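Residue-level structural notes
Here's the letter readout for the chains.
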Amino acid sequence: MNHDVPLTPGQRPELADAARRVTTIEALRAQGVSPATARRRCRPGGPWQMPLPGVVLLHADPPGEHELLHAVLRYTAGRSGEAVLTGRAALALHGLAELPQLGALDDRVDVLVPHTRRLRSVGPARITRTARLPRPVRLAGLPVARVPRALADALPHLPEDARNHLPLHEAVRRGHCEPRSLIAELEHAGWLDDPRVAVAVDDLLAAGRPAAEDLLFHMVRQGGLPDPCWNVSLWLPDGPFLGRVDAYWPEASVAIHLDTRVPRQRGHHPTPRETERHRREQTLKGLGVTLVRIPPRALQASWRRQATAVRAALQAAATRPTTDWVVVLPH
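Please read all numbers here as calculations on a predicted model, not as lab measurements. (Residues numbered from 1 in each chain as written. Predicted model: local features only at pLDDT ≥ 70, side-chain atom pairs only at ≥ 80, totals over all residues. Heavy atoms only, no water.)

**Brief notes about the pattern of salt bridges**
- Enumeration over the complete set of coordinates arrives at 11 salt bridges.
- One salt bridge connects R293 with D259, and the closest N-O pair in it is separated by 3.7 Å. Here D259 lies in the loop between β11 (254-258) and α11 (272-286) and R293 lies in strand β12 (residues 290-294), a separation of 34 residues in the sequence.
- For R293, a relative accessible area of 23% gives the class partly exposed.
- Among the charged side chains, a salt-bridge network with shared partners connects D259, E281 and R293. (Salt bridge = Lys/Arg side-chain N within 4 Å of Asp/Glu carboxyl O. Helix = DSSP H or I, 4+ residues; strand = E, 2+ residues; numbered from the N terminus. Buried < 20%, exposed > 50% of the residue type's maximum accessible area, 1.4 Å probe, protein only.)

Right, dumping it as structure tokens:
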């Protein structure tokens, strides 16, 4: 999986020039320019400017986007050298196109530093002290958080309507990350309880269903299980919908559901959608239907083990009467 994604050739000279135009008071002193002289040149109307404490931009024009990144890193890294670009700036450097690019919303740059640093946000530098400082990837020479962390860190600073267009599919499709790592980072940050984020994650998981369905078909065939009804909806005779299942054995009242639900943190309050799904599952259980939930990752890890579990459910069903209260219809 290619995490160290290079920028386009047209961006490389711009980044290199930006690095040369950004320096520090200490670096200038090492070159023979006194701090007093540097600060005098950074006064209004002077040839230089100081966008952040101790950081000098060697021209008087407004800083460009890449100059801003270098300036923020010069300020936050300090002598320790530990600072990682994250949030929207990192996503822009990774090349994700579905979020507003750097400079489109504001000029704040999110940076992660160790939690032991006593560093505050100032000017364009928005500092987050963290005990989970990620190991960065280098993009055009800059230390950048990987996409899952950068996306989780960007969310608090996005307008709510922008959360309807999270680049989750793009991040996975372009090989920046796997769904599991992306969801784990969002869960750690507490974002799975946000309805818009939860919908985006559900859509991401749904996009991976075809591969999981193929593996389920393989499990049934290679596992020697009897043929089920595939992809059907279960209803009560008078019409109420009970749910969609991926495989159903009517003679045994056993159903399989590929469980692509997002794991919820402890204390999570069920959404109305989750409450309704739970009610339907309880109704199925009350009618004598055995619902076997199989996460796609469990099928990938060992389809034979899952086939054994389903076979056990079918055998157990032989000792109890089947239900006549469920209508099976194609989905």
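**Points about the sheet that holds strand β2 (residues 49-52)**
- Reading across the sheet, the 3 strands line up as β1-β3-β2 and stay open at both edges, with antiparallel pairing between neighbours. At either end of the open sheet lies a strand with only one pairing partner, and these are β1 (22-24) and β2. Mean inter-strand twist for the sheet, computed between neighbouring axes without regard to direction, equals 40 degrees.
- Along the sheet face, helix α4 (residues 65-77) touches β1, β2 and β3 (55-57) and points at about 20 degrees away from the line of β1. (Pairing = 2+ DSSP bridges. Axes fitted to C-alpha atoms, helices over the stretch in contact; angles between N-to-C directions. Contact = heavy atoms within 4.5 Å.)

**What to know about the side chain of T76**
- Relative to the helices and strands, T76 is located in helix α4.
- Exposure remark for T76: the relative accessible area of 0% places this residue in the buried category.
- Of the polar contacts made by the side chain of T76, one reaches the backbone oxygen of V72; its length is 2.9 Å.
- In this structure T76 touches E82, A83, V111, V113, R117, L119, A125 and I127, once residues within four positions along its chain are discounted. (Polar contact = N/O pair within 3.5 Å; in protein donor to acceptor, adjacent residues only side chain to side chain.)

**Comments concerning the packing of aromatic side chains**
- This structure, assessed with the given rule, holds 2 aromatic pairs.
- Centre to centre, the rings of F217 and W230 are 5.4 Å apart; their planes meet at 45 degrees, and the pair counts as tilted. Of the two residues, F217 sits in helix α10 (residues 209-222) while W230 sits in strand β9 (residues 229-235), which places them 13 residues apart along the sequence.
- Residue F217 is classed as partly exposed on the basis of its relative accessible area of 36%. (Phe/Tyr/Trp six-rings, centres within 6.5 Å; stacked < 30°, edge-to-face > 60°.)

**Regarding the confidence of the model for the chain**
- For the chain, the average pLDDT comes to 84, and 89% of its residues sit at 70 or higher.
- Here residues 1-11 is a poorly scored stretch, pLDDT under 50, and it has 20 contacts once near neighbours within four places are set aside; other chains count. (pLDDT = per-residue confidence, 0-100.)

**Some remarks on the environment of A207**
- Looking at where A207 falls in the secondary structure, it is placed in helix α9 (residues 195-207).
- Along the chain, A207 and H169 lie 38 residues apart, while their C-alpha atoms are 8.4 Å from each other.

**Section: the sheet that holds strand β13 (residues 327-330)**
- If you trace the 5 strands from one edge of the open sheet to the other, you get β12-β11-β10-β9-β13, paired in mixed fashion. Looking at strand neighbours, the two that pair on one side only are β12 and β13, the edges of this open sheet. Sheet twist, expressed as the average angle between the axes of neighbouring strands with direction ignored, equals 45 degrees.
- Note that β9 and strand β10 (residues 241-249) share 6 bridges and pair antiparallel.

**Looking at the environment of A150**
- You can see A150 is positioned in helix α6 (residues 147-154).
- In sequence terms A150 and L91 are 59 residues apart; their C-alpha atoms lie 6.4 Å from each other.
- A150 has contacts with T86, G87, A90, L91 and A145, leaving out every residue within four places of it along the chain.

**Focus: the side chain of D110**
- Structurally, the position occupied by D110 is in strand β5 (residues 109-114).
- D110 gets classed as buried once you look at its relative accessible area, which sits at 6%.
- Look past the residues within four positions of D110 in its chain and what remains in contact with it is V84, L85, T86, G87, R88, R126 and H157.

**Observations concerning the packing of helix α5 (residues 87-94) against α6**
- It is at 7 Å that the axes of α5 and α6 come closest, and there the two elements cross at 140 degrees. By the criterion of interaxial angle, the relationship of α5 to α6 is oblique. Here the hand of the crossing between α5 and α6 comes out left-handed. Along the contact surface, α5 presents G87, R88, A90, L91 and H94, while α6 presents V147, A150, L151, D153 and A154. (Parallel < 35°, antiparallel > 145°, perpendicular 65-115°, else oblique. Left-handed = near helix turned anticlockwise from the far one by under 90°.)

**A look at the nonpolar core**
- Core analysis: the largest hydrophobic core is formed by 50 residues, its most contacted members being L85, V109, V111, V144, L168, L186 and V201.
- The greatest single-element share of this core, amounting to 7 residues, is contributed by α4.
- Listed in part, the 21 residues of the second largest apolar core include V220, L225, A313 and L314. (Core = buried A, V, L, I, M, F, W, Y, C linked by side-chain atoms within 4.5 Å.)

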